[in-house]
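What follows is each chain in one-letter form.
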Amino acid sequence: MGQCGLISSKTVLVFLNLIFWAAAGILCYVGAYVFITYDDYDHFFEDVYTLIPGVIIIAAGTLLFVIGLIGCCATIRESHCGLATFVVILLLVFVTEVVVVVLGYIYRAKVEDEVDNTIANVFNQYNGISPDSASRAIDYVQRQLHCCGIHNYSDWENTPWFSEAKNNSVPLSCCRNYVFNCTGSMNKPADLYSEGCKALVVEKLQEIMMYVIWAALAFAAIQLLGMLCAFIVLCRRTRDPAYELLITGGTYA
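As the structure is a computational prediction, the values presented were derived from the model and not from experiment. (Residues numbered from 1 in each chain as written. Predicted model: local features only at pLDDT ≥ 70, side-chain atom pairs only at ≥ 80, totals over all residues. Heavy atoms only, no water.)

**Observations regarding unusual backbone geometry**
For step 1, the next point in the chain: For H146, which is not a glycine, the phi torsion comes out positive at approximately 55°.
For step 2, the next point in the chain: Inspection of the secondary structure puts H146 in the loop between α4 (133-145) and α5 (160-165).
For step 3, the next point in the chain: Positive phi outside glycine occurs at N181, with the angle close to 60°.
For step 4, the next point in the chain: Following the sequence through the fold, N181 ends up in the loop between α5 and α6 (197-239). (Helix = DSSP H or I, 4+ residues; strand = E, 2+ residues; numbered from the N terminus.)

Okay, here's the thing in structure tokens:
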């Protein structure tokens, strides 16, 4: 029965190490996604704290790749030292992912306050003529999230750009994507996105942070199973009398 448990644990452990390799790629992808999204929405943040979970999760993904390699070799060879190293590194990555989850929840709660503090300033910097970064950010958000203005399209009336343009129009990025020959005129509100961008930006960024949290939680659970299987193999490797050579009186017992 014990031998059967050992074989089962080793089989599961080898399989989990293959999952760790796949997990390493997924975690690095999630971390990169955070960086790419931050680049698109960075004008709505005064601080770069949202990048911290992304950095940590990429580091965890890199470590998982190394863990998978160590774990496979140690499990197949039943190396006591290798399995012990495997468990220690796995524990470190587990703790790291717990930190990612905690930071993710903390920063997710801060997203709305951060956007509140910056979004009006970003809209006031909009200049439809010059391809400056603030203008690109606003146009990108309005096209991607299908929104217009902070709370709705009428918010554009309070911006310097609207006062200077004097044509009673909003940026063309406010036009619904299925409307042809849209000029952004506020006289045709049906042609414009009706929802404001503030709520959608907050929702998008909180959604991204939840991807990070769920990815960290999922792989932390897999790592717990990996540590459990490694402990079983380690304990069996230490206690199994089949690995001990008993000699009495110069002869094998």
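**A short note on the state of the cysteines**
For step 1, the next point in the chain: Applying the stated criterion across every chain yields a total of 3 disulfides.
For step 2, the next point in the chain: Between the sulfur atoms of C147 and its disulfide partner C197 the distance amounts to 2.1 Å. Its S-S torsion of approximately 95° makes the covalent link between C147 and C197 right-handed. Placement of the pair is C147 in the loop between α4 and α5 and C197 in helix α6, with a sequence separation of 50 residues. Of the two residues examined, C147 and C197, each falls in the buried class.
For step 3, the next point in the chain: The disulfide bridge from C148 ends at C174, spanning 2.1 Å between sulfur atoms. Disulfide C148-C174: torsion about the S-S bond near 85°, hence right-handed. Of the two residues, C148 is situated in the loop between α4 and α5 and C174 in the loop between α5 and α6; the sequence distance between them amounts to 26 residues. With respect to class, C148 is no different from C174; both count as buried.
For step 4, the next point in the chain: Sequence-ordered numbering of the bonded cysteines in the protein chain gives a pairing of 1-6, 2-3, 4-5. (Disulfide = S-S within 2.5 Å. Buried < 20%, exposed > 50% of the residue type's maximum accessible area, 1.4 Å probe, protein only.)

**Section: the packing of aromatic side chains**
For step 1, the next point in the chain: Applying the stated criterion across every chain, the model contains 6 aromatic pairs.
For step 2, the next point in the chain: A centroid spacing of 5.5 Å and a plane angle of 85° characterise the contact between Y126 and W161, whose relative ring orientation is edge-to-face. Highlighted residues: Y126 in the loop between α3 (80-124) and α4 and W161 in helix α5, separated in sequence by 35 residues. An identical accessibility class is assigned to Y126 and W161; each is buried.
For step 3, the next point in the chain: Taking relative accessible area as the criterion, W161 reaches 15% and is therefore assigned buried. (Phe/Tyr/Trp six-rings, centres within 6.5 Å; stacked < 30°, edge-to-face > 60°.)

**Some points on the UniProt feature "transmembrane region" (unreviewed entry) in the protein chain**
For step 1, the next point in the chain: Look at the UniProt record and you will see "transmembrane region" (unreviewed entry) annotated at residues 12-36, 48-71, 83-107 and 208-234.
For step 2, the next point in the chain: Within residues 83-107, the helical portion is 100% and the strand portion 0%, while the C-alpha atoms at the span's ends are 36 Å from each other. (UniProt positions renumbered as here; feature names shortened; annotations may be inferred.)

**What to know about the side chain of D155**
For step 1, the next point in the chain: Looking at where D155 falls in the secondary structure, it is placed in the loop between α4 and α5.
For step 2, the next point in the chain: No salt bridge is formed by the buried D155; its nearest oppositely charged neighbour, K198, is found at 9.5 Å.
For step 3, the next point in the chain: For D155, the side chain forms a polar contact with the main-chain nitrogen of I150, separated by 3.1 Å.
For step 4, the next point in the chain: Reaching out from D155, the side chain makes a polar contact with the backbone nitrogen of H151 at a distance of 2.4 Å.
For step 5, the next point in the chain: Aside from chain neighbours lying at most four places away, what touches D155 is G149 and I150. (Lys, Arg positive; Asp, Glu negative; His and termini not counted. Salt bridge = Lys/Arg side-chain N within 4 Å of Asp/Glu carboxyl O. Polar contact = N/O pair within 3.5 Å; in protein donor to acceptor, adjacent residues only side chain to side chain. Contact = heavy atoms within 4.5 Å.)

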